[in-house]
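Descriptive structure summary
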Amino acid sequence: MSKEARPSWDSPMQFVLACVSYAVGLGNVWRFPYLCQMHGGGGFLIPYLLMLFLEGIPLFCMELAIGQKMRLGSIGAWTAISPYLGGLGIASVVTSMYLCLYYNVINAWSFWYLFHSFQSVLPWAECPVNANRTGYLEECEVASPTQYFFYRETLNISSSIDENGGLHMGQALCLLLAWIIVYLFIVRGVKSTGVVVYFTATFPYVVLFIYLIRGVTLHGAWNGVKYMFTPKLEQLANPQTWINDATQIFFSLGLGFGSLIAFSSYNHHNNDFEKQAVVISLINSGTSVFASVVTFSIYGFKATFNYENCLERMRMLCLNAFDLSEESISAENVTAWISHLNITHPERFAAIASKIEHCSLEAELDTVNYPSLTIQRLQLVLTLILSSDISYSGIFINAPACRILGHNFWSVTLVVLWSLAGLVCLLCLLLGFGFTSRSGSYWFTIFNEYAATLSLLFIVFIEVISVCYIYGLRRFERDIEDMLGHRPNWYWKVMWAVVSPLLLFSLFIFYIINYIQGGTPTYQAWDKDLGRSVVKEYPVYGQVFIALLLLSALSCVPLAALHSVCRRKQRGTPIREHRHA
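Computed from a predicted structure; not experimentally measured. (Residues numbered from 1 in each chain as written. Predicted model: local features only at pLDDT ≥ 70, side-chain atom pairs only at ≥ 80, totals over all residues. Heavy atoms only, no water.)

With that out of the way, let us pick up the overall build of the chain. The helix and strand inventory of the chain stands at 25 helices and 2 strands. The proportion of buried residues among the 581 residues of the chain is 55%. Counting only contacts in the chain whose residues sit at least 6 apart along the sequence, the fraction spanning at least 24 positions is 82%. For the chain, the exposed area adds up to about 24900 Å²; of that, 64% sits on carbon and sulfur atoms. (Helix = DSSP H or I, 4+ residues; strand = E, 2+ residues; numbered from the N terminus. Buried < 20%, exposed > 50% of the residue type's maximum accessible area, 1.4 Å probe, protein only. Contact = heavy atoms within 4.5 Å. Areas by Shrake-Rupley, 256 points an atom, 1.4 Å probe, with all protein chains shown as cover.)

Below you can see the structure in the form of structure tokens.
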């Protein structure tokens, strides 16, 4: 491929905005708050900040340097470093494809909420009436209007992964719309993408600020914010917390997907990627915390609402069961009254004991319905997911195009490129239809939990080992000096050569150990009778699919290296290290 024919960003600012638009995405507003809630707020934030400086920023800078020096996409850049590393780029492409498949499903959900929001009364604000119009639907009553709309109207979810059912036609059409939009952005190339990112990189912050003002003014919002910044220190001793922090850094910054290498390959030779890496990383992580404050303020409102409703139910239960004045029991003292009545009137209390609920604000914060609350912020979600999905899609669309067209990639007609992009998008659309079936949400969960976590740890570990010990750290330093006019300082070299590889290898081993010791993988299945999720084990075919998903990206590296060795033997070429000059 002719590097001279490769287009470039119009300015460094355009490149920074493109990286911000790509990196600031679903990982910030969806995955980061979810993991923060899972690991007890501050118990997740502390390791996250450590991971940011120990692996996030150094590896982000390394990928930008590789792309800018090689002026090639992910597969081409790693092949240039060594012919045996082409599988590293392929693994990135495979991982990007997996991410695109289920990221665009969230786009479809967002469109679904958007199209249902043009009503005076939002459909997720209250329960629908039953067929006899004598009351509300039972499933909605035992759950909540928000949960009912998400699980029944949006997903039409089955009770287990074994019950497939047909496609949800509304969701299928929304998914079609999402892929059409991605295709239209992709076919315009880097120039139009550069224009788009001026909007996609800045608009989310406007929406976030609006949501922040609205969120912090809600009743109980500060309960959620306090929950977010209060650490559960026992989480620091949990290896899974550190693994999730590391993979969240990859998701958030976009490490290991090949997109950063591709983006920086359009930079001019002397672009100052070092400062850009620090700035973009800090903007990205700051956005994660900012978005989490917005999210947890809404969590706090919802949890406080549920908590106060629980207290009111217990108050009315006690008032109706015992001869007490209405003023005697309040939300503040109802818990004390329940204990008192249990001691003083044990016989009468036994009659209502089965109806007594344990009202806990912290328990409500632990179990807030996460997906539906996030999807309701559809303007923000749509903008962020589309900007990230365009980047991921571009990687696995350009990869086959480069392989097919080779040196003629930049000289072929637009019709050929548009056709190739259309075929890849069509294939992904057809595969994505599986997520719109009744059991599609469970397959979505499999991809969300297993498609990229282990593979990203492996990919980034091989990347840093390849640069420092195959390409050579000193050679890499000279490349950086050639581009920036100075060599990297001790911080970059220590992180690249020692700290990051050891940390990544340790997390990789911990992940495998936890996976083996964890027993049969489980998932959350929706029980319409109980109005909540219950834990079920994946069937055998689900476990086999998880294993294949984990191995599919990992196997690309050794298989591609083996293929390269066989080809060189057939040609009679000595097997030796090849380095990009």
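Once you've had a look at it, read on.
This part is about the packing of helix H5 (residues 86-115) against helix H22 (residues 453-484). As a packed pair, H5 and H22 sit with axes 10 Å apart at the nearest point and diverge in direction by 155°. Relative to H22, the element H5 is oriented roughly antiparallel. Seen from above, H5 lies across H22 with left-handed handedness. In contact with Leu88, Ala91, Ser92 and Thr95 of H5, H22 contributes Ser455, Leu456, Ile459, Ile462, Glu463 and Ser466. Split by residue class, the contact of H5 with H22 holds 5 nonpolar, 4 polar and 1 charged. (Axes fitted to C-alpha atoms, helices over the stretch in contact; angles between N-to-C directions. Parallel < 35°, antiparallel > 145°, perpendicular 65-115°, else oblique. Left-handed = near helix turned anticlockwise from the far one by under 90°. Nonpolar A, V, L, I, M, F, W, Y, C, P; charged D, E, K, R; others polar.)

Further remarks concern the pairing of strand E2 (residues 532-537). For a regular strand, side-chain orientation follows a simple rule: the groups alternate between the two sheet faces. Direction of pairing for strand E1 (residues 522-527) relative to E2: antiparallel, over a ladder of 6 bridges. When the bridges of E2 are listed, Asp527 appears paired with Arg532. Counted between consecutive antiparallel strands, the loop separating E1 from E2 contains 4 residues, among which Gly531 sits at a positive phi close to 75°. (Pairing = 2+ DSSP bridges.)

What follows concerns the pattern of salt bridges. Inspection of the entire model under this criterion finds 9 salt bridges. Here Glu139 makes a salt bridge to Arg152, at a shortest N to O gap of 3.1 Å. Remark: Arg152 occurs in helix H7 (residues 145-154) and Glu139 occurs in helix H6 (residues 138-142); sequence separation between them is 13 residues. A salt bridge links Glu477 to Lys493, with the shortest nitrogen-to-oxygen separation between them at 3.9 Å. With Glu477 in helix H22 and Lys493 in helix H23 (residues 490-517), this pair connects stretches of sequence that are 16 residues apart. Taking the relative accessible area as the measure of exposure, Glu477 reaches 9% and is therefore buried. Overall, Lys493 belongs to the partly exposed group, its relative accessible area being 28%. Overlapping salt bridges bring together Glu477, Glu481, Arg487 and Lys493 as one network. (Salt bridge = Lys/Arg side-chain N within 4 Å of Asp/Glu carboxyl O.)

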